[in-house]
Amino acid sequence: MREPIYSIESDGLLRLTPERKLAMVSDLYDAGIALRVAGLRLQHPDRPLAELDFEARKALRHAGT
């Protein structure tokens, strides 16, 4: 489901520096990894955290393909 971007939101995004935009994308990626690890941990509570982190990163790396 896609929601429209309103002019006030797009204006705010246009004012951000490239560095800030990159930081926001990085934060969003980290949050996605954390959520995926949490989901994997529920499914596989006995697996080591490093293994779950690896699987989460692999899953997100291939999410768009």
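In this text the structure is predicted, and so the values were computed from the model without any measurement. Residue indices follow the written sequence of each chain, beginning from 1 at its first position. Local features in this predicted model are restricted to residues whose pLDDT is 70 or higher, and side-chain atom pairs enter the listing and the counts only when it is 80 or higher, whereas totals over whole chains, interfaces and linings include all residues. In computing side-chain properties, one takes all heavy atoms of the structure into account and sets aside hydrogens as well as water.

Time to look at the nonpolar core. Side chains of a nonpolar character, in soluble globular proteins, are inclined to be buried together. Of all hydrophobic cores here, the largest spans five residues; its members are Ile33, Val37, Leu40, Leu52 and Ala56. Secondary structure counts use DSSP, requiring at least four H or I residues in a row for a helix and at least two E residues in a row for a strand, with both numbered from the N terminus. Residue assignment for this core shows that the elements contributing at least two residues are helix H2 (18-43) and helix H3 (49-61). Of the residues forming this core, the biggest block, three residues, is contributed by H2. For the purposes of this section, nonpolar cores are sets of buried Ala, Val, Leu, Ile, Met, Phe, Trp, Tyr and Cys residues that join through side-chain atoms within 4.5 Å. Summary of the burial criterion: residues with accessible area below 20% of their type's maximum are buried, those above 50% are exposed, and those between are partly exposed, where the area comes from a 1.4 Å probe applied to protein chains only.

Attention now goes to the confidence of the model for the protein. Per-residue confidence for the protein gives a mean pLDDT of 88, with 89% of residues at or over 70. The predictor rates its confidence in each residue with pLDDT, a number between 0 and 100. Element-level pLDDT for the protein is lowest in helix H1 (residues 7-15), with a mean of 76, against a maximum mean of 94 in H2.

Salt bridges, as used here, are contacts in which a Lys or Arg side-chain nitrogen is within 4 Å of a carboxyl oxygen on Asp or Glu. A full pass over the atoms with the stated rule returns three salt bridges. In this structure, Arg47 and Glu51 form a salt bridge, with 2.6 Å as the shortest nitrogen-oxygen distance.

This next bit is on the packing of H2 against H3. Axis separation between H2 and H3 bottoms out at 9 Å; the angle between their running directions is 125 degrees. Relative to H3, the element H2 lies oblique. Of the two possible hands of crossing, H2 and H3 adopt the one that is right-handed. Counting all contacts with H2, which are made through Tyr29, Gly32, Ile33, Arg36, Val37, Leu40 and Arg41, the residues of H3 involved are Leu49, Leu52, Asp53, Glu55, Ala56, Arg57, Ala59 and Leu60. Lines fitted to the C-alpha atoms define the axes, with helices restricted to the stretch that makes contact. Angles between their N-to-C directions range from 0 to 180 degrees. Any angle between 65 and 115 degrees counts as roughly perpendicular, while under 35 counts as roughly parallel, over 145 as roughly antiparallel, and the rest as oblique. In a left-handed crossing the near helix is turned counterclockwise from the far helix by less than a right angle, and in a right-handed crossing that turn is clockwise. Note on contacts: a residue pair qualifies if any of its non-hydrogen atoms lie within 4.5 Å across the two residues.

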